[in-house]
Amino acid sequence: KQVPYALGHLVEVGVDDHAKGQEGLFNMLDAFQHVSPAAIIISAISILFLIVWEKKQPTFKSFVRYIPGPLVVVVFGVIAAMLPQFGFGFMALETGHMVSVPVSDGLSGFFSNFSSPDFSAISSIDMWKIAITLAIVASIETLLSIEAVDNIDPYKRVTPTNRELVAQGAGNIVSGFIGGLPITSVIVRSSANITAGARTKTSAIAHGLLLLACVVLIPGLLNKIPLASLAAILI
């Protein structure tokens, strides 16, 4: 699903497509016919850098060994996206190829981005079908993710699956009431925590707080990040 972003081909996907599970494969096949050279250059260099960085980082003696490779990739992506301003026109990226976070005017403007549920949809069969599909898929994704995380946990701990699903359900209720996306455990952030030496749930809480702080304080800076950089990290 990240391949279209890495190639610079973006397609708007409807809710029905998500529910049918169609967007991933067909978008990827279509992406090879509509590519952005700039996005390909950014994602290719980023992926190569991450591969080399993972092998070389433990050998560094200075503070550089503590710098996360994905952070360097994001900084590189921002710099690469600015190159057209200095005469490198072939590196131009369209607006749709960049992160898009709402830029709010103060704290009150930030809270204006929240929205309450439309309870009139409670009688819609389509709404229930999509909700049940998302619940099942998200739950399966969570269980598979924590199974994988438990396998790579150096301390060989076992995650309580029931507690994880209850927490996910509670989080989704809160997210839905403020107009947020569905929540699920994912392997990328979990494995990143383990790689960084995290040992407790504090790492997940700190991650959430850092995301919140970035969205509130530096949304304009986040919007300078190319999606190709993030795709490279996820790939």
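**Let's talk about the overall build of the protein chain**
- Along the backbone of the protein chain there are 12 helices and zero strands.
- What you see in the protein chain, going N to C, is helices and strands ordered as α-α-α-α-α-α-α-α-α-α-α-α.
- The principal-axis extent of the C-alpha atoms belonging to the protein chain is close to 55 × 45 × 40 Å.
- Counting all 235 residues of the protein chain, 23% fall into the buried class.
- Carbon and sulfur atoms make up 68% of the accessible area of the protein chain, which totals about 15700 Å².

**Structural notes on the pattern of salt bridges**
- Within this structure, the stated rule accounts for two salt bridges.
- Where Lys-129 meets Asp-126, a salt bridge forms, and the shortest distance between an N and an O atom there is 3.6 Å. Taken as a pair, Lys-129 and Asp-126 lie in helix 7 (residues 125-152) at a separation of three residues, close to a single helical turn.
- A salt bridge links Arg-157 to Asp-153; the nearest nitrogen and oxygen atoms lie 3.0 Å apart.
- What makes Arg-157 partly exposed here is its relative accessible area of 39%.

**Quick look at helix 5 (residues 69-82)**
- Taking 1.5 Å per residue, 14 residues should reach 20 Å; helix 5 reaches 20 Å between its end C-alpha atoms and fits that length.
- Where helix 5 is concerned, the buried positions are Gly-69, Val-73, Val-74, Gly-77, Val-78 and Ala-80.
- Packing partners of the buried residues in helix 5 comprise helix 4 (37-56) and helix 12 (227-234).

**Considering the packing of aromatic side chains**
- Counting across every chain of the model gives seven aromatic pairs.
- Centroid distance Phe-49 to Trp-53: 5.0 Å. Interplanar angle 35°. Geometry classified as tilted. With a gap of four residues between them, Phe-49 and Trp-53 both fall in helix 4, about one helical turn apart.
- Accessibility expressed as a relative area gives 26% for Phe-49, which makes it partly exposed.
- Between Phe-88 and Phe-90 the ring centres are 6.3 Å apart and the planes differ by 75°, which places this aromatic pair in the edge-to-face class.
- The class of Phe-88 is partly exposed, set by a relative accessible area of 39%.
- A connected cluster of aromatic rings, assembled from ring pairs, spans Phe-49, Trp-53 and Phe-60.
- In this arrangement the basic side chain of Arg-65 is found over the ring face of Tyr-66, its NZ or CZ atom lying 5.9 Å from the centre.

**Re the confidence of the model for the protein chain**
- For the protein chain, per-residue confidence averages 87 on the pLDDT scale, and 90% of positions sit at 70 or higher.
- Across residues 13-22 the pLDDT falls below 50, and counting only partners more than four positions away or on other chains, this stretch makes 10 contacts in the model.

**What about the packing of helix 7 against helix 8 (residues 161-177)?**
- Relative orientation of the contacting elements helix 7 and helix 8 amounts to 135°, with a least axis distance of 11 Å. Classed by the angle they form, the pair helix 7 and helix 8 counts as oblique. Once helix 7 is placed against helix 8, the crossing between them reads as right-handed. Together, Ala-138, Ser-139, Thr-142, Leu-143 and Ile-146 of helix 7 and Thr-161, Glu-164, Leu-165 and Gln-168 of helix 8 make up the contact between the two elements.
- Looking at the contact of helix 7 with helix 8, its residues break down into four nonpolar, four polar and one charged.

**Considerations on the packing of helix 7 against helix 9 (residues 187-195)**
- One way to put it is that helix 7 packs onto helix 9 with a least axis distance of 10 Å and a crossing angle of 20°. With respect to helix 9, the axis of helix 7 lies roughly parallel. You can see that helix 7 and helix 9 cross each other, and the crossing is right-handed. Residue-level inspection shows Ser-145, Ala-148, Val-149 and Ile-152 of helix 7 in contact with helix 9, the latter providing Ile-187, Ser-190, Ser-191 and Ile-194.
- Split into classes, the residues belonging to the contact of helix 7 with helix 9 amount to five nonpolar, three polar and no charged.

Rules and cut-offs
- Residues numbered from 1 in each chain as written.
- Predicted model: local features only at pLDDT ≥ 70, side-chain atom pairs only at ≥ 80, totals over all residues.
- Heavy atoms only, no water.
- Helix = DSSP H or I, 4+ residues; strand = E, 2+ residues; numbered from the N terminus.
- Buried < 20%, exposed > 50% of the residue type's maximum accessible area, 1.4 Å probe, protein only.
- Areas by Shrake-Rupley, 256 points an atom, 1.4 Å probe, with all protein chains shown as cover.
- Salt bridge = Lys/Arg side-chain N within 4 Å of Asp/Glu carboxyl O.
- Expected span 1.5 Å × (residues − 1).
- Contact = heavy atoms within 4.5 Å.
- Phe/Tyr/Trp six-rings, centres within 6.5 Å; stacked < 30°, edge-to-face > 60°.
- Lys NZ or Arg CZ within 6 Å of the ring centre and 35° of its normal.
- pLDDT = per-residue confidence, 0-100.
- Axes fitted to C-alpha atoms, helices over the stretch in contact; angles between N-to-C directions.
- Parallel < 35°, antiparallel > 145°, perpendicular 65-115°, else oblique.
- Left-handed = near helix turned anticlockwise from the far one by under 90°.
- Nonpolar A, V, L, I, M, F, W, Y, C, P; charged D, E, K, R; others polar.

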